[in-house]
Amino acid sequence: MGSNLIKRWLFYIVGLIILALGISLTIKGRLLGLGSWDVLHYGLWQTFGLTIGSWAIIAGATIVLFTAVITRRLPKLGVYINMVAVGVFIDIFNWLIPEFEGWTQHIFIFTLGLLVMAFGVAFYITPNLGAGPRDTLMLLLVEKFGLKISMARNIMELGAAVAGYLLGGPVFIGTVVIIVGLGKLIEMWLPLTRRLLVSFLGGEDDEIIRII
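Model, not experiment: these values are computed from the prediction.

As enumerated under the stated definition, the model contains 10 aromatic pairs in all. Between Trp9 and Tyr12 the ring centres are 5.5 Å apart and the planes differ by 80 degrees, which places this aromatic pair in the edge-to-face class. Of this pair, Trp9 and Tyr12 both sit in helix H1 (residues 2-28), 3 residues apart, roughly one helical turn. On the accessibility criterion, Tyr12 (0% relative accessible area) is buried. Counting every residue linked through ring pairs, the aromatic cluster contains Phe11, Phe119, Phe123, Trp189 and Phe200. The aromatic ring of Phe200 is capped on one face by Lys7, whose charged end is 5.8 Å from the ring centroid.

Turning to the UniProt feature "transmembrane region" (unreviewed entry) in the protein chain, a few remarks are in order. Taken from the UniProt record, the annotation "transmembrane region" (unreviewed entry) applies to residues 9-27, 47-70, 77-97, 103-125 and 162-186. As annotated, residues 9-27 comprises 100% helix and 0% strand, and the C-alpha atoms at either end are separated by 27 Å. A distance of 33 Å separates the end C-alpha atoms of residues 103-125, which is 100% helix and 0% strand.

At a minimum axis separation of 7 Å, helix H5 (residues 102-125) and helix H8 (residues 173-200) run at an interaxial angle of 50 degrees. One finds that H5 runs oblique with respect to H8. H5 and H8 meet at a crossing whose hand is right-handed. Side by side, H5 and H8 meet where Phe110, Leu114, Leu115, Met117, Ala118, Phe119, Val121, Ala122, Phe123 and Ile125 of the first sit next to Gly174, Val177, Ile178, Leu182, Leu185, Ile186, Trp189, Leu190, Leu192, Thr193 and Leu196 of the second. Classifying every residue of the contact of H5 with H8 gives 19 nonpolar, 2 polar and no charged.

Definitions and limits used
Note that residues are indexed from 1 along each chain, following the sequence as it is written. With the structure being a predicted model, the display of local features is reserved for residues of pLDDT at least 70 and the display and counting of side-chain atom pairs for 80 or more, all residues being used for whole-chain, interface and lining totals. Remark: hydrogens and water are excluded; side-chain values derive from all non-hydrogen atoms of the structure. Put simply, two rings from Phe, Tyr or Trp (the six-membered ring, in Trp's case) pair if the centres are within 6.5 Å, and we call them stacked under 30 degrees between planes, edge-to-face over 60, tilted for the rest. What counts as a helix is a DSSP run of H or I of at least four residues, what counts as a strand is a run of E of at least two, and both are numbered from the N terminus. Each residue is assigned to one of three classes by its accessible area relative to the maximum for its type, calculated with a 1.4 Å probe on protein chains only: buried under 20%, partly exposed between the two thresholds, exposed over 50%. Only Lys NZ and Arg CZ are tested; either one counts as a charge over a ring when it is within 6 Å of the ring centre and within 35 degrees of the ring normal. UniProt positions are given in the numbering used here, feature names are shortened, and annotations may be inferred rather than shown by experiment. The angle between two axes is taken between their N-to-C directions and runs from 0 to 180 degrees, where each axis is a line fitted to C-alpha atoms and a helix contributes only its stretch in contact. For this classification, under 35 degrees means roughly parallel, over 145 means roughly antiparallel, 65 to 115 means roughly perpendicular, and everything else is oblique. Put simply, a crossing is left-handed when the front helix is turned counterclockwise from the back one by less than a right angle, and right-handed when it is turned clockwise. We call two residues contacting when some pair of their heavy atoms lies within 4.5 Å. Each residue receives one of three labels: charged for Asp, Glu, Lys and Arg, nonpolar for Ala, Val, Leu, Ile, Met, Phe, Trp, Tyr, Cys and Pro, and polar for the others, Gly being one of them.

This is the structure in structure tokens:
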């Protein structure tokens, strides 16, 4: 049991790294726009400096603090790991991946980034070790105001996109594609990530069967 838990944590962290890679690839293809929260992080970077990954961490920490105050309970460990790891690896990949020029290259790298990002999300949610800060806020809105999950998520995405746009973040057709299509792509990858986790654990695991 202890060995399986360690393996699930490893699987979770690898998923976060894959997610960060996907986000960085979309940033390199930013002529098409970015996902709502990345528009905000990019706009904050453009306006105030630091790095995009740093703002991802700062925004996540702000959300974690807000939700902790409102709910009077601390989030799971996975939320903190998610918040820090994704921000750190966004900066690492932004440094490692070169810039691209022209619409053709941006379309290709953005599309690749979207697929990788969806795979990373599916990968990290499969072990069920904690959602990200923004998902925690979404669930809080659902709990406190009786909103549907889709409505809560749309409100958050729209608010982040508008704030990021006002700060100079790139909003275009890719922003809409991510908002509308990311969930479907995550669903597409989930059967594969489930099989990968089961295989990594050396066979079917009761915890995976129960939660997925």
